[in-house]
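Architecture and fold: a report
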Amino acid sequence: MKFKTAYLYLLFPCLFLVVWLVTVYFPFSSKIEGGKKKLKELKDERAKIERETEVIIKLTSQRKDMEGMLKEVKAKIPEFGQTPFLIREIAQEAKKRGLVVESITGLFNSLKSLEGKVLIYPSFEITVKGRFLDVGIFLENLEKNPAIKGVVKGKISVDEKDSKYVRAQMVLEIKALKGEI
């Protein structure tokens, strides 16, 4: 009988342990593992969102910088429709320097179809007459203008009628925005 009582004393704790494992431990441990997986997924998603937020902040900063640069470009470079006003300013600058503007001719064969380009470079041939130093100063001032790409071709010759004057014939390329950006 003593063995039966010993078995009973051992059977009840083992039976209680089995019932506790089946009813409490296994269900909660699976819920805990599911919670750990969910927590890991949420941490990964949070890290992903934080990286995306950093990228968005950088892109927003870059966009603001680009908008500022675009405003500067628009302030310095005219739209194509405004090039006659720029040519008038160039002619007035020449007159201020004591030069005579003999001719201004647009070279519209220089306007090639530039699909997808923002800037176009129309060319104009300008002929001025004046003293050599005044022509040099005029060319230096043209170089300072951000809307002028440069002098593509130039020719300076002595005026046949009056030898103290020179005639400068030059082809200017102008930067112009193709349209509204």
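Right above here is the structure, for reference.
Not measured: the values here are computed from a predicted model.

Description of a nonpolar patch on the surface
On the surface, F16, L17, V18, W20, V22, Y25 and F26 cluster together into a nonpolar patch covering about 740 Å² of accessible area. You can see V22 is positioned in helix α1 (residues 2-76).

Quick word on the pattern of salt bridges
Following the criterion strictly, the structure yields 9 salt bridges and no others. E67 serves as the salt-bridge partner of R63, at 3.4 Å between the closest nitrogen and oxygen. On the criterion of helical spacing, the pair formed by R63 and E67 is a turn pair, its members being 4 residues apart in helix α1. Judged by its relative accessible area of 37%, E67 is partly exposed. The network of salt bridges with common partners includes E93, K96 and R97.

Quick notes on the nonpolar core
Ranked by size, the top nonpolar core spans 18 residues in total, and within it I90, V128, F138, L142 and M170 carry the most contacts. When contributions to this core are tallied by element, the ones reaching two or more residues are α2 (83-96), β3 (123-130), α3 (132-144) and β5 (166-174). Not counting the four nearest positions on each side in its chain, L142 is found in contact with I90, I148, M170 and L172.

Regarding the side chain of D134
By the secondary structure assignment, D134 is in helix α3. For D134, a relative accessible area of 14% puts it in the buried group. Every residue in contact with D134, bar those within four places of it in the chain, is listed here: R97 and L99.

Thoughts on α2
Relative to the 20 Å expected for 14 residues at 1.5 Å per residue, α2 spans 20 Å between its end C-alpha atoms, a close match to the ideal helical length. Buried within α2 are the following residues: T83, L86, I87, I90, A91, E93 and A94. What you see down the axis of α2 is that its buried residues fit within an arc of 155°, all on one side. The exposed set on the far side of α2, more than 90 degrees from its buried face, consists of P84, K95 and K96.

Notes on the sheet that holds β3
Strand pairs in the sheet, formed through backbone hydrogen bonds, run parallel or antiparallel to each other. If you trace the 4 strands from one edge of the open sheet to the other, you get β1-β3-β5-β4, paired in antiparallel fashion. Edge positions in the open sheet fall to β1 (100-107) and β4 (148-158), since each of these has one partner strand only. Pairwise comparison of adjacent strand axes, ignoring direction, gives a mean angle of 15° for this sheet. Across 7 bridges, the pairing between β1 and β3 is antiparallel. From the neighbouring strand, V101 faces β3, where its bridge partner is V128. Together, β1, β3, β4 and β5 form the strand contacts of α2, whose direction differs from that of β1 by roughly 160°. Against the sheet, α3 touches β3, β4 and β5, its axis set at about 5° to β5.

Section: the side chain of E93
Position of E93 relative to the elements: it lies in helix α2. Of the polar contacts made by the side chain of E93, one reaches the side chain of N141; its length is 3.0 Å. Ignoring any residue separated from it by four or fewer positions in sequence, one finds E93 in contact with F138 and N141.

Cut-offs and rules
Residues numbered from 1 in each chain as written. Predicted model: local features only at pLDDT ≥ 70, side-chain atom pairs only at ≥ 80, totals over all residues. Heavy atoms only, no water. Patch = residues over 30% accessible without salt bridge, like charges linked within 9 Å, V, L, I, M, F, W, Y side chains within 5 Å. Areas by Shrake-Rupley, 256 points an atom, 1.4 Å probe, with all protein chains shown as cover. Salt bridge = Lys/Arg side-chain N within 4 Å of Asp/Glu carboxyl O. Helix = DSSP H or I, 4+ residues; strand = E, 2+ residues; numbered from the N terminus. Buried < 20%, exposed > 50% of the residue type's maximum accessible area, 1.4 Å probe, protein only. Core = buried A, V, L, I, M, F, W, Y, C linked by side-chain atoms within 4.5 Å. Contact = heavy atoms within 4.5 Å. Expected span 1.5 Å × (residues − 1). Arc of directions from axis to C-beta. Pairing = 2+ DSSP bridges. Axes fitted to C-alpha atoms, helices over the stretch in contact; angles between N-to-C directions. Polar contact = N/O pair within 3.5 Å; in protein donor to acceptor, adjacent residues only side chain to side chain.

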